[in-house]
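Reading the structure
Chain by chain, the residues run as shown.
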Amino acid sequence: MTTIDDFASGFSEEPGYVNFASVGPFGRAVIEEQQAQVELLRRARFGSLSSLDEQDARVRDAVGALTGFRADQIVFQPNTTSGLMHAMFGITGGVLLSAAEFPALPFAAARAADSLSVLAPRWLDTADGPVTPGVIRDQLTSSIVAVAVSLVDFRTGYLADIEGIRQVIGDRLLIVDAMQGFGIVDAPFEVADVIASGGQSWVRAGWGTGFLALSDRALERLTPVFSGFSATDNTDGLPLDGVQPPAQGASAYSISHASPIDQARFSAALEEIGTVGVPAISARLAEKVSRVIDLADEYAVPVTSSRAENERAGIVVLEPAPDQLTMLTASLFNHGVSVSVRGRAVRLSPHVSTDEESFDMLRGAFTSYASAITV
């Protein structure tokens, strides 16, 4: 096993970067994997390219190790949205979800409804609060066949209780957009039927990487609408001279052959996470998040994201008075602190590699902000 300190030392982003919920800079393992695969393809030495064919099995094994799903229940995807689209277009019946989720979920549901008229979105009324088991329970109806939720809310950083949600929805399908928690949250993924995630943020594998995992129940109930020539059980190469039915497993939810270089990059990142363990990453990140919150409190910067460790992952949301938002964002910018600004809120998201210099820069930004609002 790798220690958390050894894991963190493999990354070398510039100080002041606390925007991992948007995109995570590469670490050494991913960079070396990318370079090795590119060099292999550049030279194309006789017999060497066959190793590219092994990357699909490798990435499914790596995802399975972190989710608990079998390799045949997993299919590589280029991003979270593609996986969610596959799932939503395959559903017949009502799907309960919040319109306030990251657009990938509501768009997938709406597009499937408009195109096939077999899925019926049922918009969850959360009263501007989080998606909780109680809120879902009170709005379930007999027409609902699936419930969709984000593991971590991208606006508020709220960590959903997917185990509690599973208990209240019974045998309905549970669809989880895991993008903002995969790789840093020790979640009970086994309670979900559909998990979709990408690798560009917390996993730090870059764009073009992701997966869709489907339980046996999901595979029985979903229809693989977008199922291309790569998604058959053909074992003789290309499925020529006739269109064959989709494969029986999760591989039915692919359209064409994936980039083996992207798969290798994703695998390297996941394998490295596996060597240290998500619980260790989660624990170290919780310390970093607490430090951000403590700094914000010290300078009276309003924190609107949850302070309870069981309700948060890696996101801290600051929401100053509307007339002070520009001062806060300017202070962060002037001190070289990378964040996301969404509406009236500022979103900070550190990682285990966030160093002391970054916290010093954040302190400097808060000091400037506090001085400006007291003038």
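All values derive from a computational prediction rather than experimental measurement.

For residues besides glycine, phi is generally negative; the peptide bonds are generally trans as well. Backbone geometry at Ser117 places phi at a positive 60°, although glycine is not the residue there. Counting through the fold element by element, Ser117 comes out in the loop between α5 (104-116) and β3 (119-123). Accessibility expressed as a relative area gives 63% for Ser117, which makes it exposed.

On to the sheet that holds strand β2 (residues 93-97). Taken together, the seven strands give an open sheet; going across it, the order is β1-β7-β6-β5-β4-β2-β3, and neighbouring strands pair in mixed fashion. A strand with exactly one partner marks an edge of an open sheet, and here the two such strands are β1 (74-76) and β3. Across the sheet, the axes of successive neighbouring strands diverge by a mean angle of 20°, strand direction being ignored. Across five bridges, strand β6 (residues 194-198) lies against strand β7 (residues 210-214) in antiparallel orientation. Bridge assignment links Val194 to a residue of β7, and that residue is Leu214. Where helix α3 (residues 55-67) meets the sheet, its contacts fall on β1 and β7, and the angle it forms with β1 comes to roughly 125°.

Another aspect to go through is the packing of aromatic side chains. All chains considered together, the criterion is met by eight aromatic pairs. When the centroid spacing of 5.2 Å and the interplanar angle of 75° are considered together, the rings of Phe7 and Phe11 count as edge-to-face. Relative accessible area serves as the criterion here: at 3%, Phe7 is assigned to the buried category. Consider the rings of Phe102 and Phe154, whose centres lie 5.1 Å apart with planes at 90°: the pair is edge-to-face. Linking Phe102 in the loop between β2 and α5 with Phe154 in the loop between β4 (144-150) and α7 (162-169), this pair joins segments that are 52 residues apart in sequence.

Conventions used here
Residues numbered from 1 in each chain as written. Predicted model: local features only at pLDDT ≥ 70, side-chain atom pairs only at ≥ 80, totals over all residues. Heavy atoms only, no water. Helix = DSSP H or I, 4+ residues; strand = E, 2+ residues; numbered from the N terminus. Buried < 20%, exposed > 50% of the residue type's maximum accessible area, 1.4 Å probe, protein only. Pairing = 2+ DSSP bridges. Axes fitted to C-alpha atoms, helices over the stretch in contact; angles between N-to-C directions. Contact = heavy atoms within 4.5 Å. Phe/Tyr/Trp six-rings, centres within 6.5 Å; stacked < 30°, edge-to-face > 60°.

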